[in-house]
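Listed here are the chains, written in short residue letters.
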Amino acid sequence: MLQILLTILQNIFQPKIVVPIPTKPREPESKPVPPTPIEIESAKKIDWSNPASKISKYFTVKEATFLPSWGILHIPTDDEKAKILKVAEKMDAIREFLNEPIQVHVWIRPEKANCPNSEWDGKDYNRYIYENQVWKNLTSAQKAEKKVPNSPHKTGDAVDWSIIGKRTPEYCATIRSKLLSKLQELDIRMEDIEGNWIHVDTRPVISRRFFKP
């Protein structure tokens, strides 16, 4: 009986060893690469004043420059235009590889929105998204202390999208699985997330192409 009591006491007071579940480390922030003079000149051929103008085979000015949370169009700089076109080229290839129509959710998220005659002109759209979506449950004081990550969306190097009519976490996971084998060929990165959108960008790879943001 005494031995049984001792065993019970040992089980109660002996510290439990918790084995941590291994997680994939987050990818360090990747710095943008300036566009070349040739890329900048090529981007100038697009009529950026017309939202319906094609920037590539499948995508338009509006899709690349619309800021959905504010309901306005951003007028990009020459550097931003060149970066947007580079992403559009990759997105055309993705569109043809998947053979499904793509819905763009957001492309560029500028730190300084260029939208004259708007209350949002000069405001930081990228930070707005973090404060109202990513950090929405934090207090104003907590948000003020936060530093916005160096998102590739800021410079037009990224786009969030899904397949039209199939915007579910399950189908987006299927699309990510399909794209894994194409990341190196297309020279793009993709976020390893669980959500109803797919994020791809053209920032340089630091350690992995399929990464935790």
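Check the entry above for the structure.
Treat the numbers as computed from the prediction; the structure is a model and nothing was measured.

Asker: I'd like to hear about the pattern of salt bridges, residue by residue, with values.
Answerer: Scanning all chains against the criterion turns up 12 salt bridges. With a shortest N-O distance of 3.5 Å, Glu-111 and Lys-154 are connected by a salt bridge. With a gap of 43 residues between them, Glu-111 in the loop between β3 (102-106) and α5 (125-134) and Lys-154 in the loop between α6 (140-145) and β4 (158-163) connect regions that are remote in the sequence. With a relative accessible area of 14%, Lys-154 lands in the buried category. Several salt bridges converge on common partners, so that one network encompasses Lys-83, Asp-157 and Arg-203.

Asker: Describe the environment of Glu-41, and please don't skip the residues or the numbers.
Answerer: By the secondary structure assignment, Glu-41 is in helix α2 (residues 37-43). Since its relative accessible area comes to 46%, Glu-41 is described here as partly exposed. For the pair formed by Glu-41 and Asp-79, sequence separation is 38 residues and the distance between their alpha carbons is 9.9 Å.

Asker: Now, about the pairing of strand β6 (residues 198-201): what can you tell me, with residues and values included?
Answerer: Across the two faces of β6 the burial is the same, with Ile-198 and Val-200 and His-199 and Asp-201 all buried. Here β4 runs beside β6; their pairing, made up of 4 bridges, is antiparallel. Within β6, the position partnered with Val-159 by the bridge is Val-200. Between strand β5 (residues 189-191) and β6, which pair antiparallel one after the other, the connecting turn spans 6 residues.

Asker: Just give me the short version of the side chain of Ser-30, but keep the residues and values in it.
Answerer: Following the sequence through the fold, Ser-30 ends up in the loop between α1 (2-13) and α2. Accessibility expressed as a relative area gives 4% for Ser-30, which makes it buried. Of note is the side chain of Ser-30, whose polar atom sits 2.7 Å from the backbone oxygen of Pro-204. Setting aside chain neighbours within four positions, we find Ser-30 in contact with Asn-150, Arg-189, Arg-203, Pro-204 and Ile-206.

Reading guide: rules and limits
- Residues numbered from 1 in each chain as written.
- Predicted model: local features only at pLDDT ≥ 70, side-chain atom pairs only at ≥ 80, totals over all residues.
- Heavy atoms only, no water.
- Salt bridge = Lys/Arg side-chain N within 4 Å of Asp/Glu carboxyl O.
- Helix = DSSP H or I, 4+ residues; strand = E, 2+ residues; numbered from the N terminus.
- Buried < 20%, exposed > 50% of the residue type's maximum accessible area, 1.4 Å probe, protein only.
- Pairing = 2+ DSSP bridges.
- Polar contact = N/O pair within 3.5 Å; in protein donor to acceptor, adjacent residues only side chain to side chain.
- Contact = heavy atoms within 4.5 Å.

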